[in-house]
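Remarks on the overall topology
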Protein chains: 2
Amino acid sequence: MDIKRKIEIANEDTTNRLIQGDPVLVDIAPAGEVIPGLEDRMVLHAGPPIEWDRMCGAMQGAVIGMVLYEEWANTAEEARKLLENGDIKLAPNHHHQAVGPMAGTITVSAPVWVVENKAFGNRAFTRQVEGRQQFGDYSDEALDGLRKWRDVWAPTLTIALEKLGGLELKPIIIQALQMGDEVHNRHHAASSLFANKMAVGLALADLPKDAVLPTLYYITNHHLIFLGLAMASGKAISDAAHGIEYSTIVTAMARNGTEFGIRVSGLEDMWFTAPAPKIKGLFLTGYNDDDAGLDMGDSAITETVGWGGFVIGGAPGILSLVGGTPDEAIAYTREMRKITTAVHPTYLMPALGFVGASMGIDIRKVVQTNISPIIDTGMAHKDPGHPIIGAGLVRAPMDCFKQALIAFGNKYNGR
Amino acid sequence: MDIKRKIEIANEDTTNRLIQGDPVLVDIAPAGEVIPGLEDRMVLHAGPPIEWDRMCGAMQGAVIGMVLYEEWANTAEEARKLLENGDIKLAPNHHHQAVGPMAGTITVSAPVWVVENKAFGNRAFTRQVEGRQQFGDYSDEALDGLRKWRDVWAPTLTIALEKLGGLELKPIIIQALQMGDEVHNRHHAASSLFANKMAVGLALADLPKDAVLPTLYYITNHHLIFLGLAMASGKAISDAAHGIEYSTIVTAMARNGTEFGIRVSGLEDMWFTAPAPKIKGLFLTGYNDDDAGLDMGDSAITETVGWGGFVIGGAPGILSLVGGTPDEAIAYTREMRKITTAVHPTYLMPALGFVGASMGIDIRKVVQTNISPIIDTGMAHKDPGHPIIGAGLVRAPMDCFKQALIAFGNKYNGR
């Protein structure tokens, strides 16, 4: 069998695994209890591996935030010293079955969503999504959101989820795609549907009002609460499609704010990286282009499985956040068809006549067409200490795909 | 001042009132306690006035259903006799500050949504929306849904609503229009958002689990629960714009399954009617075009205030229910701009670049352009005894608008 045919078979398998992925929320638990290899005095971060001194400002701020949150240090100065001395371990989420939004920082005591891919049995983990600490803000107010999640919201939801016996996420994602969500940065519908389900779980549990009420307020007013669930779903789906020999399909796109990295199913756990690109988008009041950090976060796992920028044509509501016109959004979505292996049979977009989401990014097609995956994303400040400053659109750097294709040739040619 | 200028001023006033309408859910209560003029042994129905023997099959079936539900008769035969003998009064919802979906039947013991237009102080009422009795099905199973609403769901929601101190509906409608609802037959988003608000109300109330749980299941799984709220909102909004001298703006479109009728702000409570049109659409399994009754229901009050068919271009998800393509849907929505007086400042459609909903149907523009309002709607059987059979699109009959324009001339010319 020639290599072309081997790739064809491998990619079909990879694509089918991506299509069949069936994420179910099975638990919410402290990261240290569930994430393999996560140790005390260790901070997981977004993107490919990176050392403290090469981290961008926002990621440094977020890491400092986690060190303070875990009370490994009492001041930002102390935290910074620990980090400079290498007293805190750093590792990418992706090396621990996890993903995280923006800086993506996860530490032992932070409760994470535990999502199981029921079709293949593997699990993935993501932290809570909020608008401050994960963007580099380590103020006490920012950390207070993490503490409320740890002490009230997450434990309460854990009990509600137990009462429900887990929660199937694929049906919610399918519905949300027909309700104007693109399942990366717009989660109005999915979050609302999720809250509907959890409200039932909370009613089933016999919990005190002072746990139920703040939790209900939190989940019914947090338009992005489903982002964490979408990311864990994306990771659980793509991990089950990773490690297939001869496959040229991308199984991770992730950024640490300094570098953009991709992983490919047939290329083991190698990262192919390029400098993180600048985002083109809209800024929140008080911020402008000069403040912007570079592309950051594991959230591009959603584009990796066919959501986000890949279905933005079906979710024009997000354009008020990221900029652009409905026609441009539809054009992006149609363009992604050219670099992917399939359209999903149930992730449908009404605005495009109920066509399925394009998915299965093929590094060969990306290089051949010179069309790079489009990602919609939040924006962090270039310096530590700030909350979210805006959102926009960005293209994955072409160089990552070229490097991957060369590595693929090196590995498989002449075998 | 010439008549043209008087009309201009009147229409501006009417339009502003439609724009400012601010519907708030203030109560859920048995119809007999809140609807002015609703008596015992009286059935309110959709559309313009109609006598029993001219009612279509579906409406007759629905009226029989209400007579059985109120236990004014024990069998359909008994009910039919009472109705034939004139022992049950019949009156249009619109004559009682009310509207109703499909046959639209309301009787004393049926709990109704009570919506107040906070901008002007007037109230409107609508019954529960379901898929059987309101379509003419008077089986015991169909009536059981009405009984559960009366005995469990409505009383429980009433207490939850009290705890919330009422519920603002305009913010939900604004959000839903950006989440793929057209706020007539697609209410996935609005219903989900509504359920989340009510879940908080239920948690605030100290109610037994056997009331809370079935009610939460009901509201979190009823994709059309918001239709009743949208209809009462539409009626509350349009009533506040009714009765303005010299105004040529439509304040009601309603159908009884036999006739389609409109009312105009400057023409008091006159109805201008034409035969109810046939609907073009899609059928549920087991039904076809030969089964279809004609256009029925007060739900076109939603189009009257700028939702439904008028914003269908922003809600392509509904096309799986009513048929057609996204391009056709956008064309309908753009076309409605030609027969209306304004675009709403906050009812925005992302798919059309965040343009506002066209609203304020001007009978002069309809006649001049020969463009009739487009309505998306459910379909009932032509015979009594059936649940919903499909959904589709329909145009308001041009003749209603021509008659109204002639009546307008007769009333105002030469004054």
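Just so we're clear, the structure is a prediction, and the values are computed from it rather than from any experiment.

**Some remarks on the overall build of chain A**
- Helix and strand counts for chain A come out as 14 helices and 16 strands.
- Its C-alpha radius of gyration of 20 Å places chain A within 12% of the 22 Å reference for a compact globule of 415 residues.
- Taken along the three principal axes of its C-alpha coordinates, chain A extends 60 × 50 × 40 Å.
- Restricting to contacts in chain A with at least 6 residues of sequence separation, those with at least 24 account for 75%.

**Details of the interface of chain A and chain B**
- Taken together, the contact pairs 28 residues of chain A with 28 residues of chain B.
- Contributions of two or more residues to the side of chain A that touches chain B are made by helix H7 (188-204), helix H8 (209-221) and helix H11 (319-322) of chain A.
- Taken together, the residues of the side of chain A that touches chain B break down into 17 nonpolar, ten polar and one charged.

**Things to note about the pairing of strand S15 (residues 374-379) of chain B**
Residue and element names in this part refer to chain B.
- Summarising burial for S15: six of the six residues are buried, a large majority.
- By the bridge criterion, six bridges tie S15 to strand S16 (residues 390-395) in an arrangement that is antiparallel. If you follow Asp376 over to S16, its bridge partner there is Leu393.

**Section: the pairing of strand S2 (residues 42-45) of chain A**
Residue and element names in this part refer to chain A.
- Burial along S2 is two-sided: Met42 and Leu44 facing one way and Val43 and His45 facing the other are all buried.
- In this sheet, strand S3 (residues 89-92) lies alongside S2 in parallel orientation, the contact comprising four bridges. In the strand pairing of S3, Met42 is matched with Lys89.

**Section: the sheet that holds strand S1 (residues 23-30) of chain B**
Residues and elements named next belong to chain B.
- Pairing in this open sheet of five strands is mixed, and the strands run S4-S6-S5-S1-S7 from one edge to the other. Pairing within the sheet leaves two strands with one partner each, and these edge strands are strand S4 (98-99) and strand S7 (167-168).
- Two strands pair when backbone bridges link them, and S1 and S7 are joined in this way by two bridges, in the antiparallel orientation. Across the sheet, the residue bridging to Leu25 is Leu167, located in S7.
- This element, helix H5 (residues 140-164), spans S1, strand S5 (111-117) and S7 of the sheet and lies at about 140 degrees to S1.

**With respect to the domain arrangement of chain A**
All names here are of chain A.
- Its domain assignment divides chain A into domain 1 (3-232) and domain 2 (245-412).
- Between the C-alpha centres of domain 1 and domain 2 the distance comes to 19 Å.
- In this assembly, 50 residues from domain 1 lie in contact with 62 residues from domain 2.
- If you list the elements that add at least two residues to the side of domain 1 that touches domain 2, you get helix H1 (3-20), helix H3 (57-69), helix H6 (170-177) and helix H9 (225-239).

**Here we look at H8 of chain A**
- Between its first and last C-alpha, H8 of chain A extends 18 Å over 13 residues, near the 18 Å set by a 1.5 Å rise per residue.
- Burial in H8 of chain A covers these residues: Val212, Thr215, Leu216, Ile219 and Thr220 of chain A. Here the buried residues of H8 of chain A occupy an arc of 120 degrees about the axis, which is enough to place them on one side. Along H8 of chain A, exposed side chains directed more than 90 degrees from the buried face belong to Asp210 and Asn221 of chain A.
- Looking at the buried side of H8 of chain A, the elements it contacts are helix H5 (140-164), H7 and H9 of chain A together with helix H7 (188-204) of chain B.

**Observations concerning the packing of helix H3 (residues 57-69) of chain B against H5 of chain B**
Residues and elements named next belong to chain B.
- At their nearest, the axes of H3 and H5 sit 10 Å apart, and the two run at 60 degrees to each other. Here H3 lies oblique to H5, going by the angle between them. As H3 runs across H5, the sense of the crossing is right-handed. In this structure, H3 contributes Gly65, Leu68 and Tyr69 to the contact, and H5 contributes Ala142, Leu143 and Leu146.
- Residue composition of the contact of H3 with H5, grouped by class: five nonpolar, one polar and no charged.

**Side note on helix H1 (residues 3-20) of chain B**
Residues and elements named next belong to chain B.
- The first and last C-alpha atoms of H1 sit 26 Å apart over 18 residues, in line with the 26 Å expected at 1.5 Å per residue.
- Buried residues of H1: Ile7, Asn11, Thr14, Thr15, Arg17, Leu18 and Ile19, and no others.
- Those residues of H1 that are buried are in contact with helix H9 (225-239), strand S13 (340-349) and strand S14 (355-361).

**With respect to the relation of the copies chain A and chain B**
- For the match of chain A to chain B, the screw axis carries a shift of 0.0 Å, the RMSD comes to 0.0 Å, and the turn is 180 degrees. Within this description, the copies of the chain are treated as partners about a two-fold rotation axis. Measuring from the rotation axis to each C-alpha of chain A, the shortest distance belongs to Met179 of chain A, at 2.5 Å.
- An overlap of 100% is found between the interface residues of chain A and their copies at the interface of chain B, pointing to a shared contact surface.

**Overview of the nonpolar core**
- Core analysis: the biggest nonpolar cluster contains 274 residues, and Ala190, Ile262 and Met296 of chain A together with Ala190, Ile262 and Met296 of chain B have the highest contact counts within it.
- The contact partners of Ile262 of chain A, leaving out residues within four places of it in the chain, are Val250, Ala252, Met253, Phe272, Ala396, Cys400, Phe401 and Ala404 of chain A.

Conventions used here
- Residues numbered from 1 in each chain as written.
- Chains lettered and ligands numbered in written order.
- Predicted model: local features only at pLDDT ≥ 70, side-chain atom pairs only at ≥ 80, totals over all residues.
- Helix = DSSP H or I, 4+ residues; strand = E, 2+ residues; numbered from the N terminus.
- Rg over C-alpha atoms; globule rule 2.2 N^0.38 Å.
- Contact = placed C-beta atoms within 7 Å.
- Nonpolar A, V, L, I, M, F, W, Y, C, P; charged D, E, K, R; others polar.
- Buried ≥ 20, exposed ≤ 12 C-beta atoms within 10 Å, placed from the backbone.
- Pairing = 2+ DSSP bridges.
- Axes fitted to C-alpha atoms, helices over the stretch in contact; angles between N-to-C directions.
- Domains from an automatic or database assignment.
- Expected span 1.5 Å × (residues − 1).
- Arc of directions from axis to C-beta.
- Parallel < 35°, antiparallel > 145°, perpendicular 65-115°, else oblique.
- Left-handed = near helix turned anticlockwise from the far one by under 90°.
- Least-squares fit on C-alpha atoms with pLDDT ≥ 70 in both.
- Core = buried A, V, L, I, M, F, W, Y, C linked by C-beta atoms within 7 Å.

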